[in-house]
Amino acid sequence: MSPLRLLAAASLLALSRCKTVRYRTDEEGAPGTVIGTLADEMPVKAPGEMSFRLMRQFSNSSLVRVREEDGQLSIGEAGLDRERLCGQAPQCVLAFDVVSCWRERYRLVHVELEVRDINDNAPRFPHAQMALEVSESAAPGTRLPLEVAVDEDVGSNSIQSFQVSLNSHFGVEAQTRADGARCADLVLLQELDRERQPSYTLELVAKDGGSPARSGTATVHVRVLDANDNSPTFAQSSVTVELPEDAPPGSLLLDLDAADPDEGPNGEVVYAFSSQVPPEARRLFRLDPRSGRLTLEAAVDYERTRTYELDVRAQDRGASPRAATCTVVVRLTDVNDNAPRISISALRGAASTTGVAYVSEAAASESFVALVSATDRDSGANGQVRCSLRGHDHFALQRAYEDSYMIVTTAALDRERIPEYNLTVVAEDLGSPPFKTVRQYTVRVSDENDNAPLFAKPLYEVAVPENNPPGAYITTVVARDPDLGHNGKVTYRLLEMQVMGAPISTYVSVDPATGAIYALRTFNYEILKQLDLRIQATDGGSPQLSSSTLVKVRMVDQNDNPPVIIHPVLTNGTVEIGVSSKTSRDSLVAQIKARDADDGANAELTFAFLEESQQDLFTINPSTGDIVLRGDLSEELGQLFKVILTVTDNGRPPLATTATVNFLVTATAPSSIQDIAKPSSWEGKALQWDIPLIVIIVLAGSCTLLLVAIITIATTCNRRKKGNDIKNNTALKDQIDISHLEKGCQEEGSQRGNMFEGFAATPSYNKEPAPPVAIWKGHSFNTISGREAEKFSGKDSGKGDSDFNDSDSDISGDALKKDLITHMQNGLWACTAECKILGHSDRCWSPSCGRANPHPSPHPSAPLSTFCKSTSLPRDPLRRDNFYQAQLPKTVGLQSVYEKVLHRDFDRTITLLSPPHPARLPDLQEIGVPLFPAPSARYLGPQTEMTEKA
């Protein structure tokens, strides 16, 4: 073993052993008088860390006080009276035990306080008056016993001498009895003569040896009797008798016999105890006055009084009785008649009579628990006691001093494992036969906060339906603490953390007493699918111990979101899909894409048409949303087929979204929608690609397309600008006759109408064609049929999206006409119905024909259209908008508008050429507008095979 471990073991042993400390103090000291300090006697000098406590076995705690901080001993309120504490014992020692505690280690300190006697009591006689008789024939030297004086002090402070008043016949002599008491005899100094002095009165004084000395007095009356010739005589003046302490009452001790040679009454002898025999001896022993037999009247106890001295007086019955005295000394012998007595004093707990001690479960090994005192009133081997402890190996006995032992711990204790120990203390003396005493003792382990709360589960998982009301119950977490009292009282709290930028305490709350968790807000599965929170359980001990658990709150999706159609984009719940008349059967026409914010079955979508077309031309795949053409559209050019699309999820109850799908049959070539709409065979594999790589590819492709578009737009604008410059220069050089243009336009239009006779711009439905309407399209006027113009007016869509003053609310049918007249009156004389669709442009304010032509025309003058001009262009060309916003039609898309503008329906075309550089017009009251044929490049018609090849 290393030297360090040896030193530690020696220190531990020294702490666990008992230390005896002795002090001395005088009796009758003032309360609060300091006797000594125990901290000064300890081997460890740490007054700030040590504490002292008086053991419960010391019942007279009012005699001595112990200060807890340093173990200072002082006289208590009751004071110390030696005579009351110890009586006539030659030495008075007050013994008690103190427990010192240092760093959770307890040490027993046995204190022996000797109370020294002071001369605080004066001698006193039992009676103030004493009467004695003596025969006048008594010889000098005759001794007359006197009453024993009493002094409660001991040692030198007790009675030391006696004095008698001055006289010529009597003196006094002091003697020491067998029990140690001082007594006096009155001694006759010379013969008496009754006829001369029949009595004497003497004053007896008893003095002690104190400083200053104290004394007590009594008056002695001596009567002189007439002469009697002979006195009774004993064979021995002193007799010693040994008596076992277990002798039964009635046992004969001695048969006294005193002889008197006189006859008659003068020879009859009676026996009696002298006045010096104390009352206790008179109670225990009996003297027969006739026979002189000395017997045991009551049981004696060696442990109480070991020796008795009896003065027996034998006196005749003559007229002048004469007496003789014999001293009988009774010595008791010890026998093993007392069983050992066990007294257990606990450091912590109730009184020693309850048999319960308490020890902390945090106590270290060899910590002091209780003091066991085993005493036996017998002497010698009969009074020697051995003690042993039985019950559990966690405790053991260690000798403290003499017949006292300590119960100490031998191992660490755990209240949660073993809360209580039942021990047995056995005390046995060494007599023959031996006596044994058994005492049951209970040691209870007091609780310390050494256990943190423990949750029933390290992880709680709970499902909560979304759309819950605030305050809804979620779950309850339970933590157990095996400690007692406040150490085992568990409180719960929510550990702060951030969830989506907000404290978690705004989402849930925890009942601190029960651990119940409640929701503070309504949860939305589409926003928050799982909420992780940590709950901490803390006990009420000091210091507090805590533990935590994780609670995962999983939101259960509810079918609270209807499907949303994301492709194609809906306008007021309607979408128009163009279908080429040349599309073959079983071809993919379009693909409907929809999504549902819900999850699982609530997000599984089903596509269907509520109303199938009369010809059953279109069908939709319920799972994918693919729309397939089932019929022939070659004869349905320009027709509009309306169906109601519904997208339904599989929730309970299911939610659905409806939309109106308008299929417009166009003359354009079939597009490769199948390649666009249908996912490729490797689309599923793309899901396994790396997400950052996909993002990079998409961004790179987008940037490339944007760059190509910018270059294309810039090139197209440059070419168009050059073409406009050439046309404007040609228009300024020659002024064309309007009538000639009108005629040419009619002929040309007739020819074109014959050429494309098989293609109708709008189905006529066996009605007369409506007069054409001119619109501004691009950089020139074009005409469309009246039916198409009626579609542009649109009326009200019925969806509540029209204003009260909208043209859509006009039911007279003249809305378009009123708009044109209003534009002309306000100076927007060049506006057309196209402005209602596309918005106003700068050409509505400044047409190219507004500028005067400096070159004369070879053609005759023609009437010009005149319009009032009252509005000027914006002054800042940089902030000038090309178009002014207008309401878009509710049912027809822009693309379909251009496809429907077929020039075979108009009779004449008016083309206005804009100047190459827009500028503010002069304040002219009239502007001439020449009429000329529309360029053939603006014609939109069905594409022939030649044009398709080109």
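Placed above this text is the structure.
About the thresholds
- Residues numbered from 1 in each chain as written.
- Predicted model: local features only at pLDDT ≥ 70, side-chain atom pairs only at ≥ 80, totals over all residues.
- Heavy atoms only, no water.
- Helix = DSSP H or I, 4+ residues; strand = E, 2+ residues; numbered from the N terminus.
- Buried < 20%, exposed > 50% of the residue type's maximum accessible area, 1.4 Å probe, protein only.
- Contact = heavy atoms within 4.5 Å.
- Areas by Shrake-Rupley, 256 points an atom, 1.4 Å probe, with all protein chains shown as cover.
- Salt bridge = Lys/Arg side-chain N within 4 Å of Asp/Glu carboxyl O.
- Pairing = 2+ DSSP bridges.
- Axes fitted to C-alpha atoms, helices over the stretch in contact; angles between N-to-C directions.
- Disulfide = S-S within 2.5 Å.
- Core = buried A, V, L, I, M, F, W, Y, C linked by side-chain atoms within 4.5 Å.

Peer 1: Which parts of the structure should I look at to understand the overall build of the chain?
Peer 2: Counting its secondary structure elements, the chain contains twelve helices and 53 strands. When each of the 950 residues of the chain is scored for burial, the buried share is 42%. Partitioning the contacts of the chain with sequence separation of at least 6, the portion at a separation of at least 24 is 69%. For the chain, the accessible area works out to roughly 51700 Å², and carbon and sulfur atoms hold 52% of it.

Peer 1: Can you help me understand unusual backbone geometry in this one?
Peer 2: Most peptide bonds adopt trans geometry, and most residues besides glycine take a negative phi value. Residue Pro 433 is reached from Ser 432 by a cis peptide bond, and omega for that bond is -5°. Considering the arrangement of structural elements, one finds Pro 433 in the loop between β30 (420-429) and β31 (436-446). Here the amide bond leading from His 567 into Pro 568 is cis, since omega sits at -5°, within 30 degrees of zero. Within the secondary structure, Pro 568 is located in the loop between β43 (564-567) and β44 (574-580). If you check the backbone angles, Asn 467 has positive phi at about 65° while not being a glycine. One can find Asn 467 in the loop between β33 (459-465) and β34 (473-476).

Peer 1: Where do I start with the side chain of Asn 382 in this structure?
Peer 2: If you trace the backbone, Asn 382 turns up in the loop between β26 (368-375) and β27 (385-390). Not counting the four nearest positions on each side in its chain, Asn 382 is found in contact with Asp 334, Val 335, Asn 336, Asp 376, Asp 429, Gly 431 and Ser 432.

Peer 1: Which parts of the structure should I look at to understand the environment of Gly 318?
Peer 2: Mapped onto the fold, Gly 318 is located in the loop between β22 (307-316) and β23 (323-333). In the structure, Gly 318 is positioned 56 residues away from Asp 262 in sequence and 9.2 Å away in space, judged by C-alpha atoms.

Peer 1: Just checking my understanding: could you explain the pattern of salt bridges for this structure?
Peer 2: For side chains of opposite charge, pairing can occur when their charged atoms come near one another. This structure, assessed with the given rule, holds 16 salt bridges. For Glu 416, the salt bridge goes to Arg 415, with nearest N and O atoms at 3.2 Å. Assessed through its relative accessible area of 26%, Glu 416 is described here as partly exposed. Of the charged contacts in the structure, one is a salt bridge between Asp 447 and Arg 415, with a shortest N-O distance of 3.1 Å. Of this pair, Asp 447 sits in the loop between β31 and β32 (454-455) while Arg 415 sits in the loop between β29 (404-409) and β30, and the two are 32 residues apart along the sequence. You can call Asp 447 buried: its relative accessible area is 16%. Among the residues examined, Arg 415 registers a relative accessible area of 10% and is labelled buried. Where salt bridges share partners, they join Arg 143, Glu 173 and Asp 185 into one cluster.

Peer 1: Which parts of the structure should I look at to understand the pairing of strand β28 (residues 395-401)?
Peer 2: Of the strand pairs in this sheet, β28 and β29 are connected by six bridges, and their pairing is antiparallel. Considered in β29, the bridge of Phe 395 is made with Thr 409. Between β28 and the antiparallel strand that follows it, β29, lie two residues; Glu 402 among them carries a positive phi value of about 40°.

Peer 1: Before we go on, may I ask you to explain the sheet that holds strand β5 (residues 72-75) in this structure?
Peer 2: Where strands meet in a sheet, backbone hydrogen bonds hold them as pairs that are either parallel or antiparallel. In space, the three strands of this open sheet follow the order β2-β5-β4, with antiparallel pairing throughout. Looking at which strands have only one partner, the edges of the open sheet turn out to be β2 (34-37) and β4 (64-66). The mean angle between the axes of side-by-side strands here comes to 20°, regardless of whether they run parallel or antiparallel.

Peer 1: Hey, could you run me through the sheet that holds strand β47 (residues 605-609) in this one?
Peer 2: In spatial order, the strands read β44-β51-β50-β47; together these four strands make up an open sheet with mixed pairing. In this open sheet, the two strands that pair with only one neighbour each are β44 and β47. Here the average twist between neighbouring strands, direction ignored, is 30°. Two elements, β44 and strand β51 (residues 656-666), share seven bridges in a ladder whose sense is parallel. When the bridges of β51 are listed, Glu 576 appears paired with Asn 662.

Peer 1: In this structure, what is going on with the state of the cysteines? I would like to understand it.
Peer 2: What is meant by a disulfide is a covalent connection between two cysteines, made through their sulfur atoms. This structure, assessed with the given rule, holds one disulfide. The residue that forms a disulfide with Cys 86 is Cys 92, at a sulfur-sulfur distance of 1.8 Å. Its S-S torsion of approximately 60° makes the covalent link between Cys 86 and Cys 92 right-handed. Judged by relative accessible area, which is 22%, Cys 86 ranks as partly exposed.

Peer 1: Before we go on, may I ask you to explain the nonpolar core in this structure?
Peer 2: In a soluble, globular protein the nonpolar side chains are often hidden away together inside. Membership of the largest hydrophobic core comes to 31 residues, with the highest contact counts inside it found for Phe 285 and Val 328. Residue assignment for this core shows that the elements contributing at least two residues are β16 (238-244), β17 (252-255), β19 (269-273), α3 (279-284), β20 (285-287), β21 (293-296), β22 and β23. The element contributing the most residues to this core is β23, with five residues. Apart from residues no more than four positions distant in its own chain, Phe 285 is found in contact with Leu 243, Leu 253, Phe 273, Leu 294, Thr 295, Leu 296, Glu 297, Val 300, Tyr 308, Leu 310 and Val 330. Judged by nonpolar contacts, the second largest core, of 28 residues, contains Phe 455, Val 499, Leu 528 and Leu 531.

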